[in-house]
Amino acid sequence: MTHSKRIRTTLVAGVGALGMLALSACAAETESKSASDEITLTVPSWVGARANAEVAKVIMEQELDVKVELQQLDEPVAFDALNNGKADAILEDWGGSPKKEKLYVEDKKTIVKGGDLGVVGHIGWFVPKYYADANPEVTDAKNLNKFAKDFKSANSGDQGEFLGAAPSYTTYDEHLVKNLKLDLKIKETGNEAAQIKEIQQKYRDKQPFITYWWDPQWLNADIDLVEVKLPAYEEGCNVPETATDCAYANTPLQKYLNADFAKDGGDAAEFIKNFKWSTEAQNEVAKAIAKDKKSGPDAAEAWVKANKSTWEAWLPKK
Amino acid sequence: MSAAPPNPVFEKTDRHRRDAADGDDVRTVKTDAADSAAPGPWARLAGNPRAMLLIAAVLVAIVSAALTGSGAWPADLTVDVRSPLDDLNRWLVDNRTTHPLFLYFLLHISNSAESSVDGVFSVLESLGFIGVTVAAVLIAWYAGGAGLRRRALRTAATALATFAVIGLLGMWEPAMETLALMIVAVAVAALVGALLGLAAGLSDRCQRVLRPVFDTMQVLPAFSYLLPFVLLFDIGIPSVFVATVIYAAPPMARLTALGLRGADAAALEASASLGASSWQRLVTARLPLARKQMLLGLNQTIMMCLSMVVLASMIGAGGLGDEIFTALSTVDVGLALPAGIAVVLLAIWLDRTTAAAGEQLEDPAAGHRPKWWVLWPGIVAAVAGGAVFGAVIGRKEWPEAWTVAISEPVNTVVDWIERELGSGVPVLGGTLTWSEGFANYVINPVRDALLATPWWALLLVAGVLALRTGWKAVVTVVLSLAAIGAMGLWDRSLDTLSQVLAALVVTLLLGFGVGILAARVERVERVIRPVLDIMQTMPQFIYLIPVIALFSGGRTAAVAAAVVYALPAVVRITTQGIRQIDPSALEAARSLGAGTGQQLRQVQLPLARPALQLAVNQGVVLVLAIVVIGGMIGGGALGVDVVRGLAKGDLGLGMTAGIAIVCLGLLLDRISQPSAAAKERALS
């Protein structure tokens with residue numbers, strides 16, 4: 001008899017819990033959240049972009065009384081999230097997913113452009129300065145095969161090792177290596193931090209290396225890298241991707257907004273459209289996060305405190 | 001002298017003598033103790049056709065590898081699976097918002113998942129931190145049997161400590177997000193699991209169909225099936241929810257079926273003879289008798305939900321996983337640690353609470369619990385009281401002043417370790433040097449050997465290895481390998497396989513070593529047991545972060561993470577296996593004068609063989625799970641393809657790699673699987 005009683009107890013408890021769930025679910029459905037008092041920003045995995053988001057969050061929460069949620073999403077999937085309204089804005093896009101951009105911005109019109117971030121992105125191949133000084137010829141991609149053996153590692157066999165980009169980043173390195181017939185093997189570093197760690201370790205030991213690298217990037221303040229000259233970029237030289245045999249184009253980094261949010265987002269949307277800062281400012285915050293290991297909010301708050309004149313211009317006109 | 005009773009001195013000299021002489025007497029001990037005939041090694045081999053076959057296959061592989069030097073899968077045997085997948089991908093993206101399949105089916109799942117998680121979260125939020133803590137403590141207390149007994153108070157204290165520390169570490173909000181998702185996922189996974197378990201437990205046909213499905217699910221690395229759900233449900237809670245439910249339901253189903261099938265025949269007979277209908281019998285006899293197994297299943301389901309919810313931060317799960325994911329992208333151990341501790345504490349709280357509920361069922365004195373109609377309203381009232389109190393004093397969120405920042409001191413320590421141990425340590429060299437050495441002298445040779453072996457020879461060796469488990473396994477193994485080749489992922493998969501093998505060797509060496517030590521020395525076991533407990537509850541992700549700091553990104557780092565992750569299970573199974581040996585066998589060996597080493601080699605290890613084999617099997621599955629996640633920290637190969645597929649939303653790339661991982665999982669599992677009988681024995 002105690003068995004059945006216990007079962008009944010459990011049943012009652014279970015039904016009670018489920019009922020509560022159902023009720024609360026209904027409650028949640030009926031209250032629609034207004035886009036302007038709570039928004040979600042996507043944060044890709046690189047630190048520079050996190051700096052944008054953290055600063056935007058601090059200012060919006062302090063000045064506009066908008067609750068800002070930051071969600072870690074890689075660049076290409078961020079477009080999907082904006083499309084279906086799960087996130088409201090991307091603050092920094094490097095143009096790495098042209099297909100999705102076309103689909104959502106031009107065809108479906110669920111995402112709208114939000115203007116320049118103010119930072120110009122540059123991607124390229126880089127070697128450390130100490131190595132370039134000793135071997136000036138290395139700075140031209142034509143001569144790279146001569147030096148490939150210097151970059152050898154346990155991973156790359158007889159070829160030179162090329163430190164590749166994180167999986168979600170914009171890159172044509174694989175095609176470049178093939179089309180320029182270079183004796184290099186790309187190491188799939190897995191994420192930005194792993195790549196940075198490896199670069200820092202190699203730099204400290206003054207070892208030669210060649211890497212996918214970019215600016216703005218906070219680490220550039222600490223280490224001296226020299227760019228390797230790839231064949232000059234011309235319009236269309238990277239179409240189709242597999243035929244790419246030229247350098248990366250300079251990219252003015254872009255903001256994107258969910259179309260509904262752009263229309264009805266009020267002050268928050270206005271603020272994001274106005275958000276525009278410099279490479280130096282971004283690097284300052286990014287470095288505080290990545291190198292000094294400050295928490296995102298702390299780093300952003302410090303910058304916000306010191307740069308009132310810069311961000312006051314971003315606030316919507318009353 | 002030889003007639004003297006064994007004393008330490010005698011034993012010592014005796015052991016030395018025996019060790020030095022490869023001897024007949026050693027075998028005598030074995031014969032007596034293990035009670036099995038043991039002819040000479042060659043004769044034994046000749047009498048075992050499978051072993052001969054294996055040796056022949058390996059010889060063929062080595063010779064053919066040496067002759068050809070390259071074993072790539074022939075290009076004309078590959079099938080283009082990526083283009084159709086890419087087409088499917090495009091179709092999904094184009095039709096996700098308009099097609100009836102989505103509008104009338106998937107969208108409903110997606111919306112209900114999202115709104116129930118939101119709902120639970122808002123309930124937790126409105127309860128405030130006081131209300132939630134009160135609720136957690138009271139539920140734990142109730143599960144522990146209520147009243148003032150030690151078990152009830154202990155589980156309640158665990159709950160209180162868990163939530164207090166989570167708050168102190170500043171992890172309250174993400175922990176609540178994770179908890180909300182967990183509550184919904186566990187409820188659904190347990191329900192689905194119980195229903196499937198009922199089907200499999202009551203119908204033999206269902207059992208035949210479902211069993212292989214569950215078996216296969218168990219070896220699938222969670223990582224490999226995130227992508228399809230992202231494409232169906234888009235990034236966010238619904239994908240996470242569905243992936244989690246599918247990942248976590250099998251243990252519940254499996255154990256429910258086991259419990260129903262294992263019910264005492266006499267009890268059922270009694271119930272039938274009292275004229276109970278089959279429905280009554282199910283409700284009054286079979287289900288109550290299966291309760292213990294079902295609770296164990298629930299426990300495992302909860303743990304798997306937790307681990308998946310953390311991993312799924314890659315596809316937008318938010319919560320604690322998100323904190324860890326962010327920390328991974330900056331290699332910030334200090335940031336990862338509070339979130340990691342919070343996850344572990346949640347795991348301990350959930351584990352202890354369900355375990356206490358299980359013990360409660362066993363406990364004959366359990367009847368003293370107050371009546372439910374007194375207890376439950378009381379609990380609800382207390383929780384409501386806590387919530388109202390929190391609201392009145394204006395403290396719903398955990399106060400910021402009550403948090404302790406541990407990330408800075410932690411990072412200082414990590415920096416120091418990295419700087420001092422990285423390289424240039426006298427004699428030892430340092431972790432970076434080891435990392436390079438391990439890649440050069442262990443992973444590379446394995447990979448080169450695998451790549452040099454002709455594909456057909458590898459198929460042959462794998463097939464022969466699987467022969468031990470049965471013909472079905474042979475077919476599975478050969479087909480899996482062939483599928484990998486046909487998808488054009490031969491080289492990438494062998495790269496992954498080489499990392500798995502390297503990690504497995506290290507895991508087994510360490511795991512058996514520590515396991516044996518723990519089995520023989522009580523004190524060691526007492527010390528490492530809590531460590532193992534904690535290590536087993538850590539989500540897979542967390543291990544990636546410290547290893548980058550120590551070994552730099554790359555394959556060695558991935559291998560190191562895999563070793564750390566798989567070690568606890570291997571140690572535990574080894575220890576248990578050795579402990580469970582019939583003490584009389586050991587006693588017999590001892591009385592014959594066998595030394596410690598001999599007891600181990602001749603009695604304990606042979607008798608524990610089924611357990612050791614299970615340890616190998618578990619080790620393989622766990623290692624594979626992490627090696628593929630290692631793609632995120634430079635492990636390359638299949639893992640990074642899955643990550644790239646997820647990150648770029650590229651189904652063709654991610655899905656084929658995912659399938660290849662599944663094939664590798666099946667292959668490794670079937671090769672290392674102990675026979676069914678051995679498995680049951682070791683698990684019981």
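A quick note: this is a predicted structure, and the numbers were derived from the prediction, not measured.

Engineer: Account for the overall build of chain B, with residues named and values stated.
Structural biologist: When helices and strands are tallied, chain B shows 30 helices and zero strands. For chain B, the proportion of its 684 residues judged to be buried stands at 53%. Here the contacts in chain B between residues at least 6 apart in sequence split such that 80% fall between residues at least 24 apart.

Engineer: Lay out the environment of Asp267 of chain A in plain terms, naming residues and giving numbers.
Structural biologist: All names here are of chain A. Checked against the element boundaries, Asp267 lands in helix H10 (residues 266-274). Looking at Asp267, the relative accessible area reads 38%, which means it is partly exposed. Counting along the chain gives 31 residues from Asp267 to Gly236, while the straight-line C-alpha distance between them is 39 Å.

Engineer: Please set out the side chain of Thr244 of chain A residue by residue, giving values where relevant.
Structural biologist: Structurally, Thr244 of chain A is set in the loop between strand E8 (225-228) and strand E9 (251-258). Apart from residues lying up to four places away in sequence, Thr244 of chain A is in contact with Tyr172, His175, Leu176, Asn179, Cys237 and Asn238 of chain A.

Engineer: Run through the state of the cysteines, naming residues and quoting values.
Structural biologist: Residues and elements named next belong to chain A. If you walk through the whole model with that rule in mind, you get one disulfide over all chains. The disulfide partner of Cys237 is Cys246, and the S-S distance across this bridge is 1.8 Å. For the disulfide bridge between Cys237 and Cys246, the dihedral angle about the S-S bond is near 75°, and by the sign convention the bridge is right-handed. Looking at Cys237, the relative accessible area reads 15%, which means it is buried. When its relative accessible area of 2% is taken as the criterion, Cys246 is described as buried.

Engineer: So what's going on with the side chain of Thr574 of chain B? Which residues, and what values?
Structural biologist: Residues and elements named next belong to chain B. In this structure, Thr574 sits in helix H24 (residues 555-579). Thr574 gets classed as buried once you look at its relative accessible area, which sits at 0%. Setting aside residues up to four positions removed in sequence, Thr574 forms contacts with Gly511, Phe512, Gly515, Ile516, Leu612 and Ala615.

Engineer: Hey, could you go over the domain arrangement of chain B for me, with residue numbers and the actual values?
Structural biologist: Residue and element names in this part refer to chain B. Each domain of chain B was delimited in the assignment, giving domain 1 (99-410) and domain 2 (422-451 + 487-683). Between domain 1 and domain 2, the C-alpha centre-to-centre distance is 28 Å. When domain 1 packs against domain 2, close to 2,800 Å² is buried across both sides, 86% of that on carbon and sulfur atoms. Of all residues in domain 1, Phe223, Leu227 and Leu328 give up the largest surface area on contact with domain 2, accounting jointly for 24% of the area buried on that side. Inspection of the domain 1/domain 2 interface yields zero salt bridges. Taken together, the links from domain 1 to domain 2 amount to zero residue pairs in polar contact (both at pLDDT 80 or more). Taken together, the elements giving at least two residues each to the side of domain 1 that touches domain 2 come down to helix H9 (204-219), helix H10 (226-233), helix H13 (278-311), helix H14 (320-329) and helix H15 (333-362).

Engineer: Tell me what's going on with the pairing of strand E7 (residues 210-215) of chain A, and back it up with residues and numbers.
Structural biologist: All names here are of chain A. By the criterion of burial, E7 is predominantly enclosed, with five of the six residues buried. With five bridges joining them, strand E4 (residues 111-128) and E7 adopt antiparallel strand pairing. By the bridge assignment, Gly124 is partnered in E7 with Trp213.

Engineer: Now, about the environment of Ala140 of chain B: what can you tell me, with residues and values included?
Structural biologist: Residue and element names in this part refer to chain B. Checked against the element boundaries, Ala140 lands in helix H6 (residues 100-143). Judged by relative accessible area, Ala140 falls into the buried class, the value being 0%. For the pair Ala140 and Leu350, spaced 210 residues apart in the sequence, the C-alpha separation amounts to 8.5 Å. Leave out the neighbours within four places in its chain, and Ala140 touches Thr155, Ala156, Ala159, Trp349 and Thr353.

Engineer: Just give me the short version of the interface of chain B and chain A, but keep the residues and values in it.
Structural biologist: Taken together, the 65 residues of chain B in the interface contact 53 residues of chain A. Surface buried jointly by chain B and chain A totals about 4,900 Å² across both partners, of which 53% is contributed by carbon and sulfur atoms. Viewed at the interface, chain A and chain B are joined by one salt bridge. Linking Glu188 of chain A and Arg492 of chain B is a salt bridge whose minimum nitrogen-to-oxygen distance equals 2.8 Å.

Engineer: If you had to explain the packing of aromatic side chains to someone new, which residues and values would you point to?
Structural biologist: Residues and elements named next belong to chain A. All chains considered together, the criterion is met by 22 aromatic pairs over all chains. With centroids separated by 5.8 Å and ring planes inclined at 50°, the aromatic side chains of Tyr212 and Trp214 adopt a geometry described as tilted. By relative accessible area, which is 4% here, Trp214 ends up buried. An angle of 75° between the planes, with centres 6.1 Å apart, marks the rings of Phe271 and Phe275 as edge-to-face. In this structure Phe275 comes out as buried when scored by relative accessible area, which is 0%. In this structure an aromatic cluster arises from ring pairing among Trp46, Trp94, Tyr169, Tyr172, Tyr212, Trp213, Trp214 and Tyr248.

Engineer: Kindly report on the confidence of the model for chain A, identifying the contributing residues and their values.
Structural biologist: With 88% of its residues at a pLDDT of 70 or more, chain A shows a mean pLDDT of 81. In the predicted structure, residues 1-35 of chain A sits below a pLDDT of 50 and forms 26 contacts with residues beyond four places in sequence or in another chain.

Engineer: So what's going on with the domain arrangement of chain A? Which residues, and what values?
Structural biologist: All names here are of chain A. For chain A, the assigned domains read domain 1 (38-120 + 252-312) and domain 2 (121-243). Once you take the C-alpha centre of each, domain 1 and domain 2 turn out to be 28 Å apart. Of the residues lining the interface, 19 residues belong to domain 1; the matching set on domain 2 comes to 14 residues. Summing both partners gives a buried area of about 1,300 Å² for domain 1 against domain 2, and 59% of it is carried by carbon and sulfur. On the domain 1 side of the contact with domain 2, Trp46, Trp94 and Lys287 bury the most area, a combined 37% of that side's loss.

Engineer: Would you mind going over the pattern of salt bridges in detail, with residue names and values included?
Structural biologist: All chains considered together, the criterion is met by 24 salt bridges over all chains. Residues Asp204 of chain B and Arg261 of chain B are paired through a salt bridge, measuring 2.9 Å at the closest nitrogen-oxygen approach. With Asp204 of chain B in helix H9 and Arg261 of chain B in helix H11 (residues 237-261), this residue pair connects regions lying 57 residues apart in the sequence. Where salt bridges share partners, they join Glu161, Lys187, Glu198 and Lys202 of chain A into one cluster.

Engineer: Any details on the pairing of strand E2 (residues 67-72) of chain A? Residues and values, ideally.
Structural biologist: Residues and elements named next belong to chain A. Bridge count between strand E1 (residues 38-43) and E2: six bridges; the pairing is parallel. Within E2, the residue paired with Ile39 across the bridge is Val68. Between the parallel pair E1 and E2, the chain is carried across by helix H2 (residues 47-64), and the sense of this crossover is right-handed.

Engineer: Run through the confidence of the model for chain B, naming residues and quoting values.
Structural biologist: Residues and elements named next belong to chain B. Here chain B averages 78 in pLDDT, while 88% of its residues score no lower than 70. This stretch, residues 1-37, has a pLDDT under 50; its non-local contacts, to residues over four places away or in other chains, come to 29 contacts. Under the prediction, the complex receives an ipTM of 0.71, its pTM being 0.77.

Engineer: An account of unusual backbone geometry is requested, with residue identities and associated values reported.
Structural biologist: Residues and elements named next belong to chain A. Backbone torsion omega between Asp215 and Pro216 reads 5°, so that peptide bond is classified as cis. By the element assignment, Pro216 lies in the loop between E7 and E8. Even without being a glycine, Lys181 presents a positive backbone phi close to 55°. Overall, Lys181 belongs to the exposed group, its relative accessible area being 65%.

Engineer: An account of the environment of Thr353 of chain B is needed here, citing residue identities and associated values.
Structural biologist: All names here are of chain B. The residue Thr353 is located in helix H15 in this model. Assessed through its relative accessible area of 10%, Thr353 is described here as buried. In this structure the C-alpha to C-alpha distance between Thr353 and Ala152, which are 201 residues apart in sequence, comes to 9.4 Å. Every residue in contact with Thr353, bar those within four places of it in the chain, is listed here: Ile139, Ala140, Ala143 and Thr155.

What counts and how
- Residues numbered from 1 in each chain as written.
- Chains lettered and ligands numbered in written order.
- Predicted model: local features only at pLDDT ≥ 70, side-chain atom pairs only at ≥ 80, totals over all residues.
- Heavy atoms only, no water.
- Helix = DSSP H or I, 4+ residues; strand = E, 2+ residues; numbered from the N terminus.
- Buried < 20%, exposed > 50% of the residue type's maximum accessible area, 1.4 Å probe, protein only.
- Contact = heavy atoms within 4.5 Å.
- Disulfide = S-S within 2.5 Å.
- Domains from an automatic or database assignment.
- Buried area = accessible area lost by both parts, 1.4 Å probe.
- Salt bridge = Lys/Arg side-chain N within 4 Å of Asp/Glu carboxyl O.
- Polar contact = N/O pair within 3.5 Å; in protein donor to acceptor, adjacent residues only side chain to side chain.
- Pairing = 2+ DSSP bridges.
- Phe/Tyr/Trp six-rings, centres within 6.5 Å; stacked < 30°, edge-to-face > 60°.
- pLDDT = per-residue confidence, 0-100.
- Right-handed = clockwise from strand over helix to strand, strands pointing away.

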